Amino acid sequence: MEVSLNSEVESLNSEVAPLNSEVAPLNSEVAPLNSEVAPLNSEVEPLNSEVAPLNSEVAPLNPEVASLNLEVALLNPELQDQKFKTRNF
């Protein structure tokens, strides 16, 4: 049992080793970006706490806005017809 487990682990290691060599250069590219992002996160986090309550105020208005958008869309062809008729006179 132990021998088959060891051979399975060795097989997995042989699959992982080439992937590690691909990931290593990417890590060196990502590290400097992380240091740029960290200060931005500290700026964004307080804004998130300000936005969250606003989202809860806006969410109930979304169905009303959707309904109004539908009304406007339905009126739009009529308005286009009126504009066209007034331009021709």
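A quick note: this is a predicted structure, and the numbers were derived from the prediction, not measured.

Rules and cut-offs
Residues numbered from 1 in each chain as written. Predicted model: local features only at pLDDT ≥ 70, side-chain atom pairs only at ≥ 80, totals over all residues. Heavy atoms only, no water. Helix = DSSP H or I, 4+ residues; strand = E, 2+ residues; numbered from the N terminus. Buried < 20%, exposed > 50% of the residue type's maximum accessible area, 1.4 Å probe, protein only. Areas by Shrake-Rupley, 256 points an atom, 1.4 Å probe, with all protein chains shown as cover. Expected span 1.5 Å × (residues − 1). Bend = angle between axes of the 7 residues up to and from the residue.

Asks: Go over the overall build of the protein with me, naming the residues and quoting the values.
Replies: Counting its regular elements, the protein contains 2 helices and 0 strands. Looking at the 89 residues of the protein, the share that counts as buried comes to 0%. Here the protein has roughly 8,000 Å² of accessible surface; of this, 62% comes from carbon and sulfur atoms.

Asks: Account for helix 1 (residues 2-58), naming residues and giving values.
Replies: Across its 57 residues, helix 1 extends only 61 Å between first and last C-alpha, which sits more than 12% below the 84 Å expected from 1.5 Å per residue. At asparagine 41, helix 1 is deflected by roughly 25 degrees, the largest bend along its length.

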